[in-house]
Amino acid sequence: APDGSYLLFVSNRPATSGGKPLDVIFKGKVYPGVGMNIWRVNREGGGWSTPVRLPPSINSSTSTFAPSIAADGSLYYIGRTDPKGPSRLLRSRYRDGRYLPPTPVAIGGPNDWIRDPAIAPDQSFIVFSIVPAGSKQKPRLAIAFREDNGWSKPIDLGDSVNGPGSAMGSQLGPGHRTLYFYSPRKAPAAGAVPWNNGRSNIWRISLIPWLHAHHAAIMGTHKAKSRK
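The structure contained in this document is the topic of the report that follows. Note that the structure is a prediction, hence the values are computed from the model and not measured.

### Some remarks on a nonpolar patch on the surface
- Taken together, the side chains of Phe26, Tyr31 and Val34 present a nonpolar region at the surface, about 270 Å² in accessible area.
- Turning to its location among the elements, Phe26 is positioned in strand β2 (residues 24-26).

### Examining the side chain of Ser49
- Secondary-structure assignment places Ser49 in the loop between β5 (47-48) and β6 (52-53).
- Within polar-contact distance, the side chain of Ser49 engages the backbone nitrogen of Asn42 at 2.8 Å.
- With residues up to four places along the chain from it excluded, the contact list for Ser49 reads Val41, Asn42 and Glu44.

### With respect to the pairing of strand β13 (residues 113-119)
- Counting buried residues in β13 gives six out of seven residues, a clear majority hidden from the surface.
- In terms of strand pairing, β13 meets strand β14 (residues 125-131) through five bridges, oriented antiparallel. By the bridge assignment, Ile114 is partnered in β14 with Ile130.
- Between β13 and β14, which follow one another and run antiparallel, lie five residues, and Gln123 among them has a positive phi close to 60°.

### A closer look at the layout of surface pockets
- There is about 350 Å³ of room inside the largest pocket.
- Around the largest pocket, the lining is made up of 17 residues, and of these Ala1, Pro2, Ile69, Gln171 and Leu172 lie nearest the centre.
- Looking at the lining of the largest pocket, the elements with two or more residues in it are β1 (6-11), β7 (65-69), β13 and β18 (168-172).
- A per-class count over the lining of the largest pocket returns 12 nonpolar, five polar and no charged.

### So, the pattern of salt bridges
- Summed over the entire model, instances satisfying the criterion amount to three salt bridges.
- Put simply, Arg140 and Asp156 hold a salt bridge, and the shortest N to O gap is 2.8 Å. Separated by 16 residues along the polypeptide, Arg140 in strand β15 (residues 140-147) and Asp156 in strand β17 (residues 155-156) bring together distant segments of the chain.
- Given a relative accessible area of 36%, Asp156 falls into the partly exposed group.
- When its relative accessible area of 14% is taken as the criterion, Arg140 is described as buried.
- Overlapping salt bridges, with partners in common, bring together Arg140, Asp156 and Asp159 in one network.

### Focus: unusual backbone geometry
- Positive phi outside glycine occurs at Lys27, with the angle close to 55°.
- If you trace the backbone, Lys27 turns up in the loop between β2 and β3 (29-31).
- Of note in the backbone geometry, Gln123 takes a positive phi value of approximately 60° without being a glycine.
- Looking at where Gln123 falls in the secondary structure, it is placed in the loop between β13 and β14.
- For Gln123, a relative accessible area of 9% gives the class buried.

What counts and what doesn't
- Residues numbered from 1 in each chain as written.
- Predicted model: local features only at pLDDT ≥ 70, side-chain atom pairs only at ≥ 80, totals over all residues.
- Heavy atoms only, no water.
- Patch = residues over 30% accessible without salt bridge, like charges linked within 9 Å, V, L, I, M, F, W, Y side chains within 5 Å.
- Areas by Shrake-Rupley, 256 points an atom, 1.4 Å probe, with all protein chains shown as cover.
- Salt bridge = Lys/Arg side-chain N within 4 Å of Asp/Glu carboxyl O.
- Helix = DSSP H or I, 4+ residues; strand = E, 2+ residues; numbered from the N terminus.
- Polar contact = N/O pair within 3.5 Å; in protein donor to acceptor, adjacent residues only side chain to side chain.
- Contact = heavy atoms within 4.5 Å.
- Buried < 20%, exposed > 50% of the residue type's maximum accessible area, 1.4 Å probe, protein only.
- Pairing = 2+ DSSP bridges.
- 1 Å grid on protein atoms, 1.4 Å probe; cavity = no way out; pocket = protein on both sides within 12 Å on 5 of 7 lines; lining within 4 Å.
- Points joined across faces, edges and corners; volume = space filled by probe spheres on them.
- Nonpolar A, V, L, I, M, F, W, Y, C, P; charged D, E, K, R; others polar.

The following block contains the structure:
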């Protein structure tokens, strides 16, 4: 969480005590032990509380993952509103100690493939991986900004960041201006710092150029309106 008071994580651990690791059913085929649900632990002194599984309204299937938390507790994640439907980007508001029913987040086209959201604490922007519907490209990082009626059109972070391979796993750093992601790319991303785990690498880039460009565009629009 932005204030560090709790942590959400993904696990295939049994949903009930004494059960077995979660399976995933995809296109009618069962994949044993690779299911995903979201769990929570609270900060307790120098450690963490006993893990608690989020409610069934969130973990509606065994393909629920990629949590990202806003400052007001709202949860952005990949899940299903219909257990038999497709996985998609969802948002659940947090009110009075409970999660409200999730709703789809309308970003990009209705059939675009979106994964691994990283929401700004104030929900002013969100970074994610996207594959446009009908495209055969690898997942690429994009950013969208909050607008009056929803979200802006996704802005691709460019070839110098995305590289030739997939780019996924978006996470914001503590200052909310640095993005961490993973990619099998070999060449450095523009301004990125790598960490090598032997297969995919973890990379770090500054989001300031995109945030400043968005701010400049808003100021330009305001000035144009003021002249009328």
